[in-house]
2 protein chains.
Amino acid sequence: MNKANLQPLKGFRDFYPEQMKFRNFLFGQIRKISQLFGYEEYEGPTLEPVEIYTAKTDEELIKNQTFILKDKNDNNLAMRPELTPTLARMVAAKQNELNFPLRWFSIGPRWRYEQPQKGRFREFWQWDLDLIGENSLKADTEIIIIAAELLKSLGLSPDQVMIKINNRRFLEKQLKKVGLTKEKINLVYKITDKKDKMKEDEWEKYLKENIGQELAKKIKSILNKKSFSNFPELSELFALLKKTDIAQYVEFDSTIVRGLDYYTDMVFEARDVKNEFRTIIGGGRYDNLVSLLGGQKITGVGFAAGDAVLEEVLKKFNLLPNLKENKKILITVFNESLADKSFELSQKLRKDGIANELYLKLERIDKQIKYADKKGIKYVIILGPDEIKDKKVTIKDLTTGRQSTVALNKINKFFFL
Amino acid sequence: MNKANLQPLKGFRDFYPEQMKFRNFLFGQIRKISQLFGYEEYEGPTLEPVEIYTAKTDEELIKNQTFILKDKNDNNLAMRPELTPTLARMVAAKQNELNFPLRWFSIGPRWRYEQPQKGRFREFWQWDLDLIGENSLKADTEIIIIAAELLKSLGLSPDQVMIKINNRRFLEKQLKKVGLTKEKINLVYKITDKKDKMKEDEWEKYLKENIGQELAKKIKSILNKKSFSNFPELSELFALLKKTDIAQYVEFDSTIVRGLDYYTDMVFEARDVKNEFRTIIGGGRYDNLVSLLGGQKITGVGFAAGDAVLEEVLKKFNLLPNLKENKKILITVFNESLADKSFELSQKLRKDGIANELYLKLERIDKQIKYADKKGIKYVIILGPDEIKDKKVTIKDLTTGRQSTVALNKINKFFFL
């Protein structure tokens, strides 16, 4: 293999320990917030029969943007482009045993065969969170609060990101009024979902070509509305949200529709206020998803958020956390006859829950210290003949240069401070 | 879709919250132990070009047991059946920047298109741990200690599981002595690796057919040896291991060879002592893997362990942990006018890091308690008019039936006890 082939496939990522630290930090935040609200983690298979997507998801997504393979019986299997159909299948399969409402979340890989660009990979990780079997606006409120709490916990403020909320029934009512059929309305959703991904005039042309000049004008005027009126579901939802301490993060936006077919009522997107990035978190209420998969009709509300956009947004606002672990320890080896002592100390500390790395080669101490320094290790422990005689160790703090002599039975105390 | 289709694909698993709890527990133990030894987490892509496997892995694995798909340019991509070739690629790609030795581990999905059976799925999760760039027997020792520490931490004792150790060079030396060529030796490795998956007489027939009656007899006598002699690498390794507190977990076994082509020296397998299950943890030293992928030659030693076998073995020895969380809280809603108070309390507790679930429907308190009970929630908080007047809450412990009245400003203390 030549050097070029040492790279991962286009749109796929290698996570070296440095990148992995950020990922573990992000997933840690996500787990913490999901669990604070009583949500339980679940996971589904990464491969599903293609049919579970075709009825419910954007057709384009399945035809052109999904990694498909054939099983040995020539059936088409999809590497899941999203998790919601799997969730609906899992709920339908145990509908009579489960104790509703379900509060479930998941973090796992998804695949889309798209052109990679900033914040968009072919393999990415997604947080899905859903509240199933509860149709009140309080459920919508809870979901939106959770989304906002994640943004808050990452340090994002309302002058950087906002959660933009709309309602498909509200939009539908207006679109029907100007004479659109149900079929055309679904088309308008798809076209509208592309609005922020295209140039203004390109998008207008695209709308006109598909809907006609006359209707296009009316649709534009509907999408330009800055407020809603006479739609209780929206006014009540905002009344609930305005009482919470994430009130500053939410606003009405008539252009939010979401691309997926299964949303029926409230829809929302967290976006950066300058619209430089793709959707950070997107979701809404779906009334028929479980029944489409063979279960009884049950309503749900939820959202998904991809890791790559979140990372890009944090980078842009200079909010990437400093993930340097400053407790790392290297235990050096003084010489061959004392190697056992270093090994024993290393094992003893591990038993007490103190992580440490043991130097394995017999090399000069300064070389061992150099290795620790390069690796960002803070503490180096030296155990030479003098130390052993006095039942002590020398601990060198590489970040300050300070050197301490610590009794063997006081090491734990030293590191737990 | 009919009911039958509500199941995951054959060999794939749905992880409902109950199953997910075990998975998170297991991965938590794995992360804890890896990190105690100073190992850093990494992850690679799940899809790789098929070529990175064909040179190094068992050919059968790639031809018949791998999920392959074609990209839009008709290249074959494999859903990774194992992680080691990806690790070698990642190391080769940054060989000049990385600070050796590397202590790396990973936990992620792998796929094998095999016949599912107990402890074997088509989609499973695997722990990989490797120490790269260190050729001393101390490195082999460290790797084996880590494997044993995981078994220990899960409650498995040496009368249930053992780590069986061998050395390919030792075996090679003996096989050469009886007249086998290098090529035949590789064939013997593959045949030997199947020994515990077949019936005794079937396996003997299989060996004879491939190697000839005369040689088969000699090979059997080599594989039957209960001890090694005149092989310093093995005697020194055991001398090192016998000084540790996992000494009881290790033994020599002349039949251990591992199936993968890339192992060169020490090889080992953790097995249940009655050989009822597949390999629990398997690994060894590989000298040429990184160079096969275009990097400079560098030695490594490591292992992999699948989630499904571990779970089966724990089940068999009755060691599955009780993962019921006994701190779960439900905040009930007394009536419509007091709903805000419950919501505020719920948010306040979350701010203080106390996870809780808020009941969203307006229903009778006994119905809300019944829901909590079914869901395994321990504490139910009631906030009625009396409680609000007295700035208190009623906390019902569903596991004991005990009911306490707690001042609003003492709730945190109650739950942190």
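That block above? That's the structure.
Just so we're clear, the structure is a prediction, and the values are computed from it rather than from any experiment. (Residues numbered from 1 in each chain as written. Chains lettered and ligands numbered in written order. Predicted model: local features only at pLDDT ≥ 70, side-chain atom pairs only at ≥ 80, totals over all residues. Heavy atoms only, no water.)

Chemist: Which parts of the structure should I look at to understand the overall build of chain A?
Modeler: Counting its regular elements, chain A contains 16 helices and 16 strands. Seen through its C-alpha atoms, chain A measures out along the principal axes to roughly 90 × 55 × 50 Å. For chain A, the proportion of its 417 residues judged to be buried stands at 58%. Entry remark: accessible area of chain A is about 18,200 Å², with carbon and sulfur atoms responsible for 49%. Charge centroids of chain A, computed over 73 positive and 60 negative side chains, lie 3 Å from each other. (Helix = DSSP H or I, 4+ residues; strand = E, 2+ residues; numbered from the N terminus. Buried < 20%, exposed > 50% of the residue type's maximum accessible area, 1.4 Å probe, protein only. Areas by Shrake-Rupley, 256 points an atom, 1.4 Å probe, with all protein chains shown as cover. Lys, Arg positive; Asp, Glu negative; His and termini not counted. Charge placed at Lys NZ, Arg CZ, Asp CG, Glu CD.)

Chemist: What exactly am I supposed to notice about the pairing of strand 14 (residues 379-382) of chain A here?
Modeler: Working note: regular strand, side chains alternate between the two faces of the sheet. Residues and elements named next belong to chain A. The alternating pattern of strand 14 places Tyr379 and Ile381 on one face and Val380 and Ile382 on the opposite face, and all of these are buried. With 3 bridges joining them, strand 12 (residues 329-331) and strand 14 adopt parallel strand pairing. When the sheet's bridge partners are listed, Ile329 is paired in strand 14 with Tyr379. With 4 bridges joining them, strand 14 and strand 15 (residues 392-397) adopt antiparallel strand pairing. From the neighbouring strand, Ile382 faces strand 15, where its bridge partner is Thr394. (Pairing = 2+ DSSP bridges.)

Chemist: What's the story with the interface of chain A and chain B in this structure? I'm lost.
Modeler: Bring the parts together and some accessible area is lost; that lost area is often taken as the interface size. With 87 residues of chain A at the interface, the matching set in chain B holds 87 residues. Summing both sides of the interface, chain A and chain B together bury roughly 7,800 Å²; the carbon and sulfur share of this comes to 56%. Counting across the interface, chain A meets chain B through 14 salt bridges. On the surface where chain A and chain B come into contact, there are 40 residue pairs in polar contact (both at pLDDT 80 or more). (Contact = heavy atoms within 4.5 Å. Buried area = accessible area lost by both parts, 1.4 Å probe. Salt bridge = Lys/Arg side-chain N within 4 Å of Asp/Glu carboxyl O. Polar contact = N/O pair within 3.5 Å; in protein donor to acceptor, adjacent residues only side chain to side chain.)

Chemist: So what exactly am I meant to see when it comes to the side chain of A:Gln126 here?
Modeler: Here A:Gln126 is to be found in strand 6 (residues 123-132). Those residues within four positions of A:Gln126 in sequence are excluded, and the remaining contacts are A:Ser106, A:Ile107, A:Gly108, A:Arg110, A:Arg112, A:Ala304, A:Ala305 and A:Gly306.

Chemist: Please clarify how the nonpolar core should be interpreted in this entry.
Modeler: Most often, soluble globular proteins have nonpolar side chains that are buried together. Core analysis: the biggest nonpolar cluster contains 79 residues, and B:Trp127, B:Ile163, B:Ile165 and B:Phe268 have the highest contact counts within it. Here the element with the most residues in this core is helix 5 (residues 137-153) of chain B; it accounts for 10 residues. Core analysis: the second largest hydrophobic core is formed by 77 residues, A:Trp125, A:Phe170, A:Ile281 and B:Ile369 among them. (Core = buried A, V, L, I, M, F, W, Y, C linked by side-chain atoms within 4.5 Å.)

Chemist: Can you walk me through helix 8 (residues 200-211) of chain A in this structure?
Modeler: Residue pairs three or four apart in sequence face the same way in an α-helix, which turns once every 3.6 residues. Residue and element names in this part refer to chain A. With 12 residues, helix 8 should reach 16 Å at 1.5 Å per residue; the first-to-last C-alpha distance of 16 Å fits that figure. Along helix 8, the residues classified as buried are Trp203, Glu204, Leu207 and Ile211. Within helix 8, the buried residues cover an arc of 100° as seen down the axis, which keeps them to one side. Every exposed residue of helix 8 that faces more than 90 degrees away from the buried side is listed here: Asp201, Lys205 and Glu209. Packed against the buried residues of helix 8 are helix 7 (182-193) and helix 9 (213-223). Just past helix 8, the residue Gly212 takes up positive phi, approximately 100°. (Expected span 1.5 Å × (residues − 1). Arc of directions from axis to C-beta.)

Chemist: Can you help me understand the side chain of B:Arg89 in this one?
Modeler: When you line up the elements, B:Arg89 lands in helix 4 (residues 84-93). Ignoring any residue separated from it by four or fewer positions in sequence, one finds B:Arg89 in contact with A:Asn5, A:Leu6, A:Gln7, A:Pro8, A:Asp14, B:Pro45, B:Glu48 and B:Leu293.

Chemist: Quick question: what am I supposed to make of the sheet that holds strand 2 (residues 47-49) of chain A here?
Modeler: The strands that make up a sheet are held in pairs by hydrogen bonds between backbone atoms, and each pair lies either parallel or antiparallel. Residues and elements named next belong to chain A. Taken in spatial order, the 3 strands of this open sheet run 2-4-3, and their pairing is antiparallel. Of all strands in the sheet, those bounded by a partner on one side alone are strand 2 and strand 3 (68-70). Going from strand to strand, the sheet's axes swing by 35° on average, the running direction of each strand aside. By the bridge criterion, 3 bridges tie strand 2 to strand 4 (residues 76-79) in an arrangement that is antiparallel. Paired with Pro49 across the strands is Leu77, a residue of strand 4. (Axes fitted to C-alpha atoms, helices over the stretch in contact; angles between N-to-C directions.)

Chemist: Would you mind showing me how to read the sheet that holds strand 9 (residues 266-272) of chain A here?
Modeler: Residue and element names in this part refer to chain A. Within the open sheet, the 8 strands sit side by side as 1-5-6-11-10-9-7-8. Their pairing is mixed. Each having just a single partner strand, strand 1 (40-41) and strand 8 (250-252) make up the two edges of the open sheet. On the sheet, helix 4 (residues 84-93) packs against strand 5 (102-111), strand 6 and strand 10 (281-286) and is oriented at approximately 40° with respect to strand 6. Across the sheet, helix 12 (residues 307-316) is in contact with strand 6, strand 7 (161-167) and strand 11 (300-306); its angle to strand 11 comes to roughly 60°.

Chemist: Which parts of the structure should I look at to understand the pairing of strand 15 (residues 392-397) of chain B?
Modeler: Residues and elements named next belong to chain B. By the bridge criterion, 5 bridges tie strand 15 to strand 16 (residues 403-407) in an arrangement that is antiparallel. Residue pairing across strands places Ile395 opposite Ser404, the latter belonging to strand 16. Joining the antiparallel neighbours strand 15 and strand 16 is a turn of 5 residues, in which Gly401 adopts a positive phi near 80°.

Chemist: Got a minute to help me understand helix 4 of chain B in this structure?
Modeler: Residues and elements named next belong to chain B. Most of helix 4 sits inside the fold, with 9 of its 10 residues counted as buried. Within the span of helix 4, buried status applies to Thr84, Pro85, Thr86, Leu87, Ala88, Arg89, Met90, Val91 and Ala92. Looking at the packing, one finds that the buried side of helix 4 touches strand 2 (47-49), helix 2 (51-54), strand 5 (102-111), strand 6 (123-132), strand 10 (281-286) and helix 11 (289-292).

Chemist: Hey, could you run me through the pattern of salt bridges in this one?
Modeler: A side chain of one charge can pair with a side chain of the opposite charge if their charged atoms are brought near each other. All names here are of chain B. All told, the structure shown has 64 salt bridges over all chains when counted by the stated rule. Between Arg169 and Asp287 there is a salt bridge; the shortest N-O distance is 3.3 Å. Of this pair, Arg169 sits in helix 6 (residues 168-177) while Asp287 sits in the loop between strand 10 and helix 11; the two residues are 118 residues apart in sequence, bridging distant segments of the chain. Residue classification places Arg169 among the partly exposed residues on the basis of a relative accessible area of 36%. Here Asp287 falls in the buried class, since its relative accessible area comes to 16%. Among the salt bridges present, the one from Lys348 reaches Asp352, with a minimum N-O distance of 3.0 Å. Residue classification places Lys348 among the partly exposed residues on the basis of a relative accessible area of 41%.

Chemist: I'm lost on unusual backbone geometry in this one. Help?
Modeler: Residues and elements named next belong to chain A. Each neighbour pair has its own omega, and for Phe100 with Pro101 the value is 0°, a cis peptide bond. One can find Pro101 in the loop between helix 4 and strand 5. Here Asn230, not a glycine, exhibits a phi torsion of approximately 55°, which is positive. Tracing the backbone shows Asn230 in the loop between helix 9 and helix 10 (232-242).

Chemist: Quick question: what am I supposed to make of the environment of A:Val380 here?
Modeler: Residues and elements named next belong to chain A. Mapped onto the elements of the fold, Val380 is located in strand 14. Look at Val380 and you get buried, because its relative accessible area is 0%. Along the chain, Val380 and Lys396 lie 16 residues apart, while their C-alpha atoms are 5.1 Å from each other. Excluding its chain neighbours within four sequence positions, the residues that come into contact with Val380 are Leu330, Thr332, Ile369, Ala372, Thr394, Ile395, Lys396 and Leu398.

Chemist: How should the relation of the copies chain A and chain B be read in this particular structure?
Modeler: With an RMSD of 0.0 Å, chain A superimposes on chain B once it is rotated by 180° and translated 0.0 Å along the axis. Here the copies are linked by what is in effect a two-fold axis. Using C-alpha coordinates, one finds that chain A approaches the rotation axis most closely at A:Leu69, a distance of 2.5 Å. Interface overlap between copies: 100% of the residues of chain A at the interface are likewise at the interface in chain B, consistent with a symmetric, same-surface contact. (Least-squares fit on C-alpha atoms with pLDDT ≥ 70 in both.)

Chemist: Any chance you could explain the packing of helix 8 of chain A against helix 9 of chain A here in plain terms?
Modeler: Packed helix pairs are specified by the crossing angle of their axes together with the interaxial distance, meaning the distance between the axes. Residues and elements named next belong to chain A. Interaxial distance between helix 8 and helix 9 falls to 7 Å at its minimum, and their mutual angle equals 130°. Compared by their axis directions, helix 8 and helix 9 come out oblique. Between helix 8 and helix 9 lies a crossing of right-handed hand. Taking contact as the criterion, the partners of Trp203, Glu204, Leu207, Lys208 and Ile211 in helix 8 are, on helix 9, Gln213, Leu215, Ala216, Ile219, Lys220 and Leu223. (Parallel < 35°, antiparallel > 145°, perpendicular 65-115°, else oblique. Left-handed = near helix turned anticlockwise from the far one by under 90°.)

Chemist: Help me understand the environment of B:Val393, please; the structure alone is not making it clear to me.
Modeler: All names here are of chain B. Along the chain, the position of Val393 falls in strand 15. Since its relative accessible area comes to 0%, Val393 is described here as buried. With 313 residues separating them in the primary sequence, Val393 and Arg80 have C-alpha atoms 54 Å apart. Ignoring sequence-local partners within four residues, the contact set of Val393 consists of Leu345, Ile381, Ile382, Leu383, Glu387, Ser404, Thr405, Val406, Leu408 and Ile411.

Just geometry here; none of it tells us what the structure is for.
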